[in-house]
Amino acid sequence: MLERAPTCLETGRHLLRTPKRCTHGRRTLHSSFWHHGASDLNLPIWWASTSIFGLANSDDSGGRRTLCRGSKRSDGLLLDFLYPEKTVALLQRISTYGLASVEARRRHQINGNGFRQFSTTRWEAKGVNSEADAHSPLLPKDGGADTGGGDAISSTRQKTRTINRGEHHDKKEAKAIELRDTESREFQFREEMEERLQGNTASDALYTLLKAKELGKQELAWRLYSAIQESSRTPDIKATLLEYLTSHTVSVESSRILQIFDTLPLEYRRASSYRTAISAYVALRMVGPAIQLHEESAARFSGLDCGTDAILGRTIEDNHWDLTLHVFRTFLRSALPMHIQKTPFTDHREDIKAVWKTVARLPSLSDHLLSLLEYVERFQDELKSTEGNEKALRIFINGFVPLVIEQVLTPIDPDEDYILELLLGLFSDLRTLGLPRISSYDYAIGRLLKLPRYREYTNQRKIFQELYNKYKEESMQDPTHRIRPSKSIITNLIMQHGAFGSIEVVGDLVQDLRTFYKDQWCTHAHTMVYLVRFYAEYGKVDEVHEYFDVLSTHFPNFTNLKTIASLLYVYARRVDVQGTMDQFKRISKEFGLVPDTACWNILLLAHTRADDLDGALECFNRILESGVVPDTHTFGPLLDLCASRGDVEAFEALYSKAEQLKVPVRTDVRARAGYVQAFLQSGDPEGAEAVAQGMLKSHQAETLRGSLTHTWNLLITHYALQGDVGNSRRLYRYMVDNNIPLDSWTYAALMRSLIEVRQTNAAYKILRVTMPNNNMRVHGFHYALVITGFLREGQYEHALRAHNRMEARNVKQTKNSRQASLLAIGITELRKLQELKITDPRTRLIAVEETLRGILFESYESELANREPKHSRFIESQEHSVPQGYFGLLILLYSTRGAYEICKELFEAASMARPNEADYEPPITLLTTIMEAHFKAKEYDEVAKCWELARVQAEKLVKTLQQVIDPQPAKVEFDSLLDPALKESGASAKIATNRRHVLYRAARIYIRSLLIQDDPKYVQEAQRTISQLLNNGYVIDNLTWNEFIQMLARRGRIVDAFSACEYYLMPQFPGWRTLQPYYIRRNVSGFFWMELRNSGVGHKSIMPRYKTLVILAAAYTQIKRDEANGMGYNPEIGGWAREVLEQISPLTVRAIETMPRTGDRLQMRYIEGM
């Protein structure tokens, strides 16, 4: 570039050409210039504009007025004599003001530059900017000068010329089409003009057109106006025509508008006339005349109606802040409507929003705001010199900043990090400059909360919360609280965080209301109602009663059944049946009201959440007797209760009853999902999938309301618990293919399927990576899954790491996550004690006890109110499961070390933590843990007592609807376990199909306690207990059967042991595998040398364990040895004992005879020495 500027200054400070000589300017300075400072000139601010000395327009008709002294028109610069001659010429070319300048720039753009702007050749420029300049009319057709690039360049030039010729042809064709269109429009205009002028004068035709306000007829209106004689152009028709010319989006030449306006007398100029003229001047970039007209109009009309927005749009776009603020001050002095400031100290004018409509459409408002802040920083003393200037600046900032915020928040592709950084920086700058920011804070936070992308859950930083924290920090530093968040903003934040269960954040926001507004914090009744319902949802009893009392004190009209229902609901969510019943009684006794359907439904919900079938049916009958009309929320809990027990018949009966009462359960997706669960719990996944497919068809036909996500989550979870990863993935893909939305529990089901096949690391990756990437919220349930999975796989460090991650991210704790965390911490401590070789059982597990103590200090009862799925496989009532379940877990940890004295202390602590209820019954899990501790302490009588309590609890949990409606008489006991009628009786028992195993852990401990005692009567008691359990439909697990048979054999009851093994265990015996020395195969624990894989051993598998067969083999070997010695003949049956065993248990004897002789530890212990 420098080689093309030989006359430039050598210093390099600027590139303006050096003038040959200095010439004096011809403009006359105002006399005040020489005697006052720059900021003290008592002149109108538009005096500095270069374009105001020009004429209003170029049309000479109508007796034009002169805008300044003298008739000489000037487009010159202010103080132009201070500039060199060529500099003045350059600045005049690039000036943004003046009609002549505008026309010159247009000619400049059309004809191209007169000199080269860059040092690069045109060819090189084309190479660099080929895409941008491909269709540019400013490029020369020959492609530039020849640079001697050889044949390749020549070839390229030839191609370029060919392309240019094609483009030239296209342009000529386009111009021809445009010309034809112009001629066609001209013809149409003439025809319509002739039609309208038939029988009418031009004045009448124009008046008719203006009165009709026809769209798109601006050109016709102008032609009719031009056809009217000047003497016939009335002021009214001129003013009306000005309104019509700018009433629509049709472009009209500004010169025409100004021509009409100049001929309109002052007294006939309307506010709309001024607005039209000002807009025309702005379109011509003639800001000076526009400002002058604005001052004239503001003296007569409201600034909202006379084009203030158009001038502000132009001056702000050009960053002319002195003109901008001058126009704004003039606007504020106009006849604006009376405004009453609702919020003190803010100077926020909601009534003048219309003045910003043009500014709001400007691009890059944030850049203009930055320019404004720089201007304020430089001239803040002058801007705050008077109270009026300072107030105008505050009002301007309060109106302009929200526009910038709106534009920043609503781009096409938002960059959240950039938005947060910009907003935080903006408010920091406003605070530094002492500019108002209260209304801007309120607008920014309120607007963020209204945008859909911020109302949905995201794992990113919450911009609205970051702004609020900054706002709160500033408010706390102001002792007068003149700067404080509005109540509406805090309330909206409460509802935003409440939607995602952020209990702690909601509590902090309520405290902010109390801090900032003292006694006036509870002025909104709807806020109190929301808080009551919010805390009721999460089981916070104290908070519900507190805000209900505030509501009933300050807003007694809101103490109705809808609000009172929250008092019941909070106890129902906590699975507190007695508390719910107490609040239900208050409705009639204390409030004098009659419970409605919603109150009855909540009482019914409390019974169903406690798994109390008897109480639920009794409550349901009371509902029908009370006369209230049941709805889907009445039948929903009952249907779920039957579905959870796998009672398909009861579910179908209740479903039919609901349809008879015309309750729309068929269109309720939750009720239909219960049918799927009923089939799954009854062991019929094919039927469940068929029901789900029917639901999908109904949903696609729009006859079923609600989301199908929960239904498919049930199906995936069912297969996941069985370790069936294939079917889980199949159903997941089916959800995606059929556009069934995924949620957090869908991912939890997939994680379960991986954990069941010992791939917890893969499940943990879903938690850490997949769910955040898909914007899914991670709950405590997800962490409970991975922590438990790591513990099962022996990855104790990973389990503790997952627990620490959950704590660091403040994930809301639930019963599942608490138990998993306690177990992880406890196992970690036990391993440390083992590493340190500390064998003293009295050593305390300090970390676990401190964690439990922290739980007890919190409102742990509310942990039952969560809506997360159930993690544990064990069946128990949710009522009173917290904190008794935590104590049971701690007892289990101490009992592994034989710390029985500490276990007794925990027994007492658990008893003290129980509710004060006469009919309190501890949950089965706690009873099972206590039984195990007593068993290890050899306190067998205490084990028996706990067993009786567990039996009572189990009878309630396995009861079905038919048992409640039609109680069965006591069953006949069987003396022999081999009686075929015993199996038939157990299979026909009317108990919950999926809960037959509810007592297997407690039964195992109790039978062990019986078998370990030497008295033969205890063996008989164990046999009788097993018979009773089988007779009532309960399931005895595989380990219990094997231990029982082993004990029979070791006690000398060989025939009973072989018979029981043959009858119950051998039908599923897989056989022995062929041992090959060159193939090493890992044995399944407990089933050595059998043809069996890990996948072949399930929770319901009943088969002989290796130890059982070894013990039976030892007994069989002894019998054969006795027979060889002439002993063992039984005269009653007329045969030897060996022959009897071969006759009654051939499969067992065959398994013993074919057992591999490996000389392993068990064989060496029981067989080899015989």
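Residues numbered from 1 in each chain as written. Predicted model: local features only at pLDDT ≥ 70, side-chain atom pairs only at ≥ 80, totals over all residues. Heavy atoms only, no water.

Peer 1: I would appreciate a short explanation of the overall build of the protein chain in the present structure.
Peer 2: Within the protein chain one finds 52 helices and two strands. Per-residue burial over the protein chain gives 46% buried out of 1170 residues. By sequence separation, contacts in the protein chain at least 24 residues apart represent 68% of the contacts at least 6 residues apart. If you sum the accessible surface of the protein chain, you get close to 60800 Å²; carbon and sulfur atoms cover 51% of it. (Helix = DSSP H or I, 4+ residues; strand = E, 2+ residues; numbered from the N terminus. Buried < 20%, exposed > 50% of the residue type's maximum accessible area, 1.4 Å probe, protein only. Contact = heavy atoms within 4.5 Å. Areas by Shrake-Rupley, 256 points an atom, 1.4 Å probe, with all protein chains shown as cover.)

Peer 1: Got a minute to help me understand the packing of helix α31 (residues 709-721) against helix α33 (residues 744-756) in this structure?
Peer 2: For any two helices packed against each other, one specifies the crossing angle of their axes together with the interaxial distance. Following both chains from N to C, one finds α31 and α33 inclined at 5°, their axes separated by 8 Å at the closest point. One finds that α31 runs roughly parallel with respect to α33. Contact residues: α31 offers T709, N713, I716, T717, A720 and L721, while α33 offers W745, T746, A749, L750, R752, S753 and E756. Split by residue class, the contact of α31 with α33 holds six nonpolar, five polar and two charged. (Axes fitted to C-alpha atoms, helices over the stretch in contact; angles between N-to-C directions. Parallel < 35°, antiparallel > 145°, perpendicular 65-115°, else oblique. Nonpolar A, V, L, I, M, F, W, Y, C, P; charged D, E, K, R; others polar.)

Peer 1: Would you mind going over empty space enclosed by the protein with me for this structure?
Peer 2: The gaps of empty space that remain are located by a probe, the size of a water molecule, rolled over the atoms. Under the defined criterion, the tally for this structure stands at four cavities of 30 Å³ or more. Approximately 90 Å³ is the volume found for the largest cavity. Looking at the lining of the largest cavity, the elements with two or more residues in it are α41 (924-936) and α45 (1000-1011). Broken down by class, the residue content of the lining of the largest cavity amounts to six nonpolar, three polar and one charged. (1 Å grid on protein atoms, 1.4 Å probe; cavity = no way out; pocket = protein on both sides within 12 Å on 5 of 7 lines; lining within 4 Å. Points joined across faces, edges and corners; volume = space filled by probe spheres on them.)

Peer 1: Please clarify how the confidence of the model for the protein chain should be interpreted in this entry.
Peer 2: Segments scoring low in pLDDT should not have their predicted coordinates read at a detailed level. Considering every residue of the protein chain, the mean pLDDT works out to 82; 83% of them sit at 70 or more. Low confidence marks residues 1-76, where pLDDT is under 50. Its contacts with residues over four positions away, or in another chain, come to 112 contacts. Note that residues 339-345 has pLDDT below 50 and, in this model, nine contacts with residues that lie over four places away or in other chains. (pLDDT = per-residue confidence, 0-100.)

Peer 1: Looking at this structure, how should I read the packing of aromatic side chains?
Peer 2: Here a ring pair, both rings aromatic, is described through the centre-centre distance and the interplanar angle of the planes. Applying the stated criterion to the full structure yields 38 aromatic pairs. For the pair Y375 and F379, a centre-to-centre distance of 5.0 Å together with 45° between the ring planes defines the contact as tilted. A residue pair is termed a helical-turn pair when its members lie 3 or 4 positions apart in one helix, as Y375 and F379 do in helix α13 (residues 365-383) at four residues. Judged by centre distance (6.2 Å) and plane angle (85°), the ring pair of W1072 and Y1106 falls under edge-to-face. Remark: Y1106 occurs in helix α49 (residues 1106-1124) and W1072 occurs in the loop between α48 (1054-1065) and α49; sequence separation between them is 34 residues. Both residues of the pair, W1072 and Y1106, count as buried. Three or more aromatic residues joined by ring pairs form one cluster here, namely W321, F328, F331, W356, F396 and F400. Cation over ring: R514 sits above W521, and NZ or CZ is 4.1 Å from the ring centre. For K983, the ring lying beneath its charged end belongs to Y1063, and the centroid distance is 4.5 Å. (Phe/Tyr/Trp six-rings, centres within 6.5 Å; stacked < 30°, edge-to-face > 60°. Lys NZ or Arg CZ within 6 Å of the ring centre and 35° of its normal.)

Peer 1: Could you clarify how one ought to interpret the UniProt feature "repeat: PPR" (unreviewed entry) in the protein chain in this entry?
Peer 2: UniProt annotation of "repeat: PPR" (unreviewed entry) refers to residues 596-630, 708-742 and 779-813 when read in the numbering used here. Between the end C-alpha atoms of residues 779-813 there is a gap of 8 Å, over a span that is 74% helix and 0% strand. (UniProt positions renumbered as here; feature names shortened; annotations may be inferred.)

Peer 1: Looking at this structure, I do not really get a negative patch on the surface. What am I missing?
Peer 2: Together, D413, D415, D417 and E421 make up a negatively charged patch on the protein surface. Within the secondary structure layout, D417 lies in helix α15 (residues 416-432). (Patch = residues over 30% accessible without salt bridge, like charges linked within 9 Å, V, L, I, M, F, W, Y side chains within 5 Å. Salt bridge = Lys/Arg side-chain N within 4 Å of Asp/Glu carboxyl O. Lys, Arg positive; Asp, Glu negative; His and termini not counted. Charge placed at Lys NZ, Arg CZ, Asp CG, Glu CD.)

Peer 1: What am I meant to see in unusual backbone geometry here?
Peer 2: Positioned with a positive phi, E702 is a non-glycine residue whose angle comes to about 60°. With respect to the element layout, E702 can be found in the loop between α30 (685-700) and α31. Looking at E702, the relative accessible area reads 72%, which means it is exposed. Its identity as a non-glycine residue notwithstanding, N810 has a phi of 55°, on the positive side.

Peer 1: Whenever I open this one, helix α18 (residues 463-476) confuses me. Can you help?
Peer 2: For α18, spanning 14 residues, the distance from its first C-alpha to its last is 20 Å, which sits close to the expected 20 Å at 1.5 Å a residue. Within α18, burial applies to I463, F464, Q465, L467, Y468, K470, Y471, E474 and S475. Along its buried surface, α18 packs onto α15, α16 (438-450), α17 (452-455), α19 (487-498) and α20 (503-517). (Expected span 1.5 Å × (residues − 1).)

Peer 1: I tried to follow the pattern of salt bridges on my own but got confused; where do I start?
Peer 2: Any two side chains of opposite charge can pair, given that their charged atoms come close. Applying the stated criterion across every chain yields a total of 40 salt bridges. For R447, the salt bridge identified is with E406, shortest N-O distance 2.6 Å. Residue R447 is located in helix α16, and its partner E406 is located in helix α14 (residues 387-409); the two are separated by 41 residues in the primary sequence. One salt bridge in this structure joins R1138 and E1123, with 2.7 Å as the shortest N-O distance. A residue pair is termed long-range when its members are at least 10 positions apart, and R1138 in helix α50 (residues 1137-1144) and E1123 in helix α49 qualify at 15 residues. When salt bridges with common partners are traced through the structure, they connect R285, R314, E317 and D318 into a single cluster.

Peer 1: Explanation requested: the environment of D309 in the structure shown.
Peer 2: The residue D309 is located in helix α11 (residues 308-317) in this model. Taking relative accessible area as the criterion, D309 reaches 3% and is therefore assigned buried. Along the primary structure D309 and F331 are separated by 22 residues, whereas in three dimensions their C-alpha atoms are 9.8 Å apart. Once residues lying within four places of it in the same chain are set aside, the contact partners of D309 are R275, A354, V355, K357 and T358. A distance of 2.5 Å separates a polar atom in the side chain of D309 from a polar atom in the side chain of R275. (Polar contact = N/O pair within 3.5 Å; in protein donor to acceptor, adjacent residues only side chain to side chain.)

Peer 1: Would you mind showing me how to read the side chain of S753 here?
Peer 2: The residue S753 is located in helix α33 in this model. Polar contacts involving the side chain of S753 include one to the main-chain carbonyl oxygen of L750, which spans 2.6 Å. What S753 contacts, discounting residues up to four positions off in sequence, is A720, V725 and S728.

Peer 1: Help me understand the side chain of K540, please; the structure alone is not making it clear to me.
Peer 2: Structurally, the position occupied by K540 is in the loop between α21 (525-537) and α22 (541-554). Nearest to the buried, unbridged K540 among oppositely charged side chains is E543, at 5.6 Å.

Peer 1: What's the story with α49 in this structure? I'm lost.
Peer 2: Given 3.6 residues per helical turn, the α-helix brings residues three or four places apart onto the same face. Across its 19 residues, α49 extends 27 Å between first and last C-alpha, which sits within 8% of the 27 Å expected from 1.5 Å per residue. Residues of α49 that are buried include every one of Y1106, T1108, L1109, V1110, I1111, L1112, A1113, A1114, A1115, Y1116, I1119 and E1123, and no others. Elements that come into contact with the buried residues of α49 comprise α47 (1038-1050), α48, β2 (1135-1136), α50, α51 (1146-1153) and α52 (1161-1166).

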